[in-house]
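Each chain, written out:
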Amino acid sequence: MHRPIDEPMRPHPTTSPDPLGPGASVDPAQVDPRVLGALLDRHGWRRRGGAPGRYSRWTPPGPGAGPGATSLLVPESRAFPDCEDLMGEALTALSRSAAPSAREVLTGLTVPSDEVRWWRDVPPGPSGTVSWAVQEQLRSAARQVLLAGALAVRGRAGYHGARHRRQAQASLEGVLVGSAQGGRGLTAFVPVEPGRAVTARLYHALYATREAVDYQRATGRPEAFDSAVGAGVSRELTEALVSLVRGTEGARIALAWAPAAGVPEGCAARPEPVEFSPGDLPALREAGARYLQDEPSVPVRITGTVVRMRRSGPRGAGTVRLRVLAGAEVPHVRVALDEEAYRTAGHAHLVGLPVRVAGRLESRGGFRRLTDASGVVPVQVDEAERDRLMKSLHENLGFFGEACGPGD
């Protein structure tokens with residue numbers, strides 16, 4: 001069963017319940033010193049000397065970098081004689097460090113991950129942090145941005161609706177999210193396996209969106225958004241960016257690749273943050289409306305099980321809801337049927353069989369409705385699946401008896 005978009009993302013699957021918690025550990029023998037150095041540099045740690053060609057010394061960023069602060073000795077490579085001992089000491093020091101960036105470095109070592117960072121320029125509260133509601137807005141927008149990237153991996157469309165949503169959400173289940181101090185920022189750690197396709201697609205889609213917005217603001221013409229669909233831009237992404245920027249003085253998104261996995265083909269090694277401002281909102285909203293209007297309906301032949309039936313009386317046409325088994329990348333569809341087809345669907349359900357129906361999957365309503373339905377026929381299934389369907393029927397027999405009407 002797929003999870004709704006506003007449900008919190010689950011952490012990476014690791015041997016520890018919390019890859020950043022006190023019980024988490026990283027095997028020094030499995031860590032490449034060059035990867036650790038790259039992560040320290042990315043997260044603002046300062047390299048302060050060391051023995052050239054042998055090891056380097058790192059201290060944390062910010063106020064914690066004064067006298068007595070955590071200091072890490074990191075070998076230049078595994079060829080250093082005491083490499084494993086130094087790596088063990090460095091990892092232990094990181095796990096005990098009070099610097100927030102230390103936890104992020106450990107996360108990148110626990111499971112190789114690409115990082116997606118969001119910042120929102122919002123006024124601080126009395127304590128220097130933003131309100132809980134504002135933080136929730138950021139988390140919701142971040143989830144929408146990642147989901148838009150995951151949808152684009154499964155197909156390029158101006159509007160995805162309910163299509164591919166279950167698979168897209170499943171590909172994000174391993175994402176770990178951590179908030180920055182003050183609540184204005186958020187970081188998502190997206191595992192390289194299977195998330196690299198999502199972050200690479202998101203890279204192209206964000207830059208294409210930025211270019212399309214610039215073009216529309218400069219010329220007043222929206223056609224740049226049409227070609228941007230090929231890069232992964234969609235209504236889902238423009239709506240996510242509207243949610244991210246709305247109520248702020250500006251927002252930006254930055255990506256950083258997992259050092260252990262290298263740079264994806266066609267992407268910059270150190271991507272510049274992509275920035276959006278309130279002045280971009282009209283173009284983003286117009287593009288979203290354009291995508292919604294222009295996305296065509298799709299001819300399909302769906303196989304599904306009847307889960308709901310409704311009509312106004314004991315005779316005549318009615319509407320059924322199907323749980324889709326094959327033929328379309330949506331979980332459920334509603335289908336309006338004439339009296340004969342409605343009776344066929346009811347009888348198929350009563351004997352524990354799915355039905356097959358042809359029609360057009362309408363973009364209006366998110367591709368959840370099938371129109372011009374024809375050719376409704378029962379479909380034979382194996383005994384195990386039929387027994388499961390019959391069990392479902394007996395659990396809901398009263399409902400279906402009422403829904404089908406006394407004459408059926």
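Before going into details, it helps to say that this report is about the structure given with it. (Residues numbered from 1 in each chain as written. Predicted model: local features only at pLDDT ≥ 70, side-chain atom pairs only at ≥ 80, totals over all residues. Heavy atoms only, no water.)

Across its full length, the chain carries twelve helices and 13 strands. Here the chain holds 408 residues, and the buried ones make up 48% of them. The contacts in the chain between residues at least 6 apart in sequence include a share of 67% that link residues at least 24 apart. In the structure as shown, the chain presents an accessible area of about 19600 Å², 51% of it carried by carbon and sulfur atoms. (Helix = DSSP H or I, 4+ residues; strand = E, 2+ residues; numbered from the N terminus. Buried < 20%, exposed > 50% of the residue type's maximum accessible area, 1.4 Å probe, protein only. Contact = heavy atoms within 4.5 Å. Areas by Shrake-Rupley, 256 points an atom, 1.4 Å probe, with all protein chains shown as cover.)

Here we come to the pattern of salt bridges. The full count for this structure, using the stated rule, is 15 salt bridges. Salt-bridge contacts for Arg34 lead to Asp32; the nearest nitrogen and oxygen are separated by 3.2 Å. Of the residues examined, Asp32 reaches a relative accessible area of 25% and is grouped as partly exposed. Arg196 serves as the salt-bridge partner of Asp114, at 2.7 Å between the closest nitrogen and oxygen. With Asp114 in strand S4 (residues 113-120) and Arg196 in helix H6 (residues 192-219), this pair connects stretches of sequence that are 82 residues apart. Taken as a pair, Asp114 and Arg196 share a single burial class, namely buried. Through salt bridges with shared partners, a single ionic network connects Arg42, Glu104, Glu115 and Arg117. (Salt bridge = Lys/Arg side-chain N within 4 Å of Asp/Glu carboxyl O.)

As a further point, take the nonpolar core. Judged by nonpolar contacts, the single largest core of 50 residues is most densely connected at Val116, Trp118, Leu146 and Leu241. The residues contacting Val116, other than those within four sequence positions of it, are Leu146, Leu186, Thr187, Ala188, Val190, Thr199, Leu202, Ile253, Ala254 and Leu255. (Core = buried A, V, L, I, M, F, W, Y, C linked by side-chain atoms within 4.5 Å.)

Bear in mind that shape data such as this cannot, by itself, settle questions of function.
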